[in-house]
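Topology and contacts: notes
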Amino acid sequence: GVLHRRPVLEVAERKEFYRRSLDLFLMMIKKEPINVPAWGHCGLLLYELGRFDESLAYFRTIIDHEPDNAVAWDARGFILMEQADFRSAAEAFGKVLEVSPKRADVAADMALCLFHTGQYAEAQQALADRVGKVMGTKEHYLMGRIVDKTGNDPAPDPDDDVNGDD
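Given the structure is predicted, the values throughout are model-derived calculations rather than measurements.

The subject of this paragraph is the nonpolar core. Counting 44 residues, the largest nonpolar core has Phe93, Met110, Cys113 and Leu127 as the members making the most contacts within it. For this core, the elements supplying multiple residues, two or more each, are α1 (2-31), α2 (36-48), α3 (52-65), α4 (70-82), α5 (86-99), α6 (104-116), α7 (120-131) and α8 (137-150). Considering every element that reaches this core, the biggest residue donor is α6, with eight residues. Here Met110 is in contact with Ala90, Phe93, Gly94, Leu97 and Ala126, once residues within four sequence places are set aside.

Structure representation (structure tokens):
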């Protein structure tokens, strides 16, 4: 009995913590209306509370004040991806990559969104250009799915040592 109810209680406690934290950040914003860090915390807390549209609005407010805020663009992309708005998510991730071109993790998320919109060549290119040799299991799986859809297997990299020779 008790062991099975504990996770539910922990979730409820966590949600209550998020609500109380949100109230504190909203009070901070009331005292200091232009407060990018507090907006970011509100966006994250609202996301955790499942209030995605409100969360997206806070990240949009950050972007309106700081157009090159890669963290806000990344958060928007992640939420939009979870909502299956893959086209908008890919655009948000593209903005992150404009600001922070070395973010291979974001390039992989963008490639996944491009894949889900049927933009296979663009997804394949995003993986090849930005992720390259640091591809993990997720990226290799996605590349395999792209190859399955397109039949276009990218040429092996001549710098890869497939024979074990140096």
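After that view of the structure, there is still more to cover.
As a further point, take the pattern of salt bridges. Tallied over the entire structure, the rule returns eight salt bridges. Across the pair Arg60 and Asp64 runs a salt bridge, and its minimum N-O distance is 3.4 Å. Placement of both Arg60 and Asp64 in helix α3 is noted, with a separation of four residues, approximately one turn of the helix. Given the relative accessible area of 32%, Arg60 is considered partly exposed. With a closest N to O distance of 2.9 Å, Arg103 and Asp105 form a salt bridge. For Arg103, a relative accessible area of 24% corresponds to the partly exposed category. The exposure class of Asp105 is partly exposed, given its relative accessible area of 41%. Connected through shared salt-bridge partners, Glu16, Arg19 and Arg20 make up one network.

Mapping Asp53 onto the fold places it in helix α3. Asp53 sits 26 residues away from Ile79 along the chain, and the two C-alpha atoms are 9.1 Å apart.

This next bit is on the packing of aromatic side chains. This model, assessed by the stated rule, comprises four aromatic pairs. Counting every residue linked through ring pairs, the aromatic cluster contains Tyr47, Phe52 and Phe78.

So, on to the packing of α2 against α3. Contact pair α2 / α3: the axes reach a minimum separation of 7 Å and the direction vectors enclose 160°. The angle between the axes of α2 and α3 places the two elements in the roughly antiparallel class. Of the two possible hands of crossing, α2 and α3 adopt the one that is left-handed. Only Phe52, Glu54, Ser55, Tyr58, Phe59, Thr61, Ile62 and His65 of α3 make contact with α2, whose side of the interface consists of Val36, Trp39, Gly40, Cys42, Gly43, Leu44, Leu46 and Tyr47.

Let us look at α4. End to end, α4 covers 18 Å across 13 residues, agreeing with the expected 18 Å (1.5 Å per residue, within 8%). In terms of burial, α4 is a largely internal element, 10 of the 13 residues being buried. Ala70, Ala72, Trp73, Asp74, Ala75, Arg76, Gly77, Ile79, Leu80 and Met81 are the residues of α4 that are buried. Looking at the buried positions of α4, the neighbouring elements they touch are α2, α3, α5 and α6. A distance of 3.2 Å separates the backbone nitrogen of Val71 from a side-chain oxygen at the start of α4, and that oxygen is part of Asn69. At the exit of α4 stands Ala84, carrying a positive phi of roughly 65°.

On the secondary structure map, Asp74 appears in helix α4. Those residues in contact with Asp74 that lie beyond four places of it in its chain are Phe93, Val96, Arg103 and Val106.

Here we come to the confidence of the model for the protein chain. Looking at the protein chain as a whole, its pLDDT mean stands at 86, while 83% of the residues score no less than 70. Predicted confidence in the protein chain is weakest over α8, with a mean pLDDT of 80, and strongest over α3, with 98. Counted against residues more than four places away or in other chains, residues 160-166, with its pLDDT under 50, gives two contacts.

Definitions and limits used
Residues numbered from 1 in each chain as written. Predicted model: local features only at pLDDT ≥ 70, side-chain atom pairs only at ≥ 80, totals over all residues. Heavy atoms only, no water. Core = buried A, V, L, I, M, F, W, Y, C linked by side-chain atoms within 4.5 Å. Buried < 20%, exposed > 50% of the residue type's maximum accessible area, 1.4 Å probe, protein only. Helix = DSSP H or I, 4+ residues; strand = E, 2+ residues; numbered from the N terminus. Contact = heavy atoms within 4.5 Å. Salt bridge = Lys/Arg side-chain N within 4 Å of Asp/Glu carboxyl O. Phe/Tyr/Trp six-rings, centres within 6.5 Å; stacked < 30°, edge-to-face > 60°. Axes fitted to C-alpha atoms, helices over the stretch in contact; angles between N-to-C directions. Parallel < 35°, antiparallel > 145°, perpendicular 65-115°, else oblique. Left-handed = near helix turned anticlockwise from the far one by under 90°. Expected span 1.5 Å × (residues − 1). Polar contact = N/O pair within 3.5 Å; in protein donor to acceptor, adjacent residues only side chain to side chain. pLDDT = per-residue confidence, 0-100.

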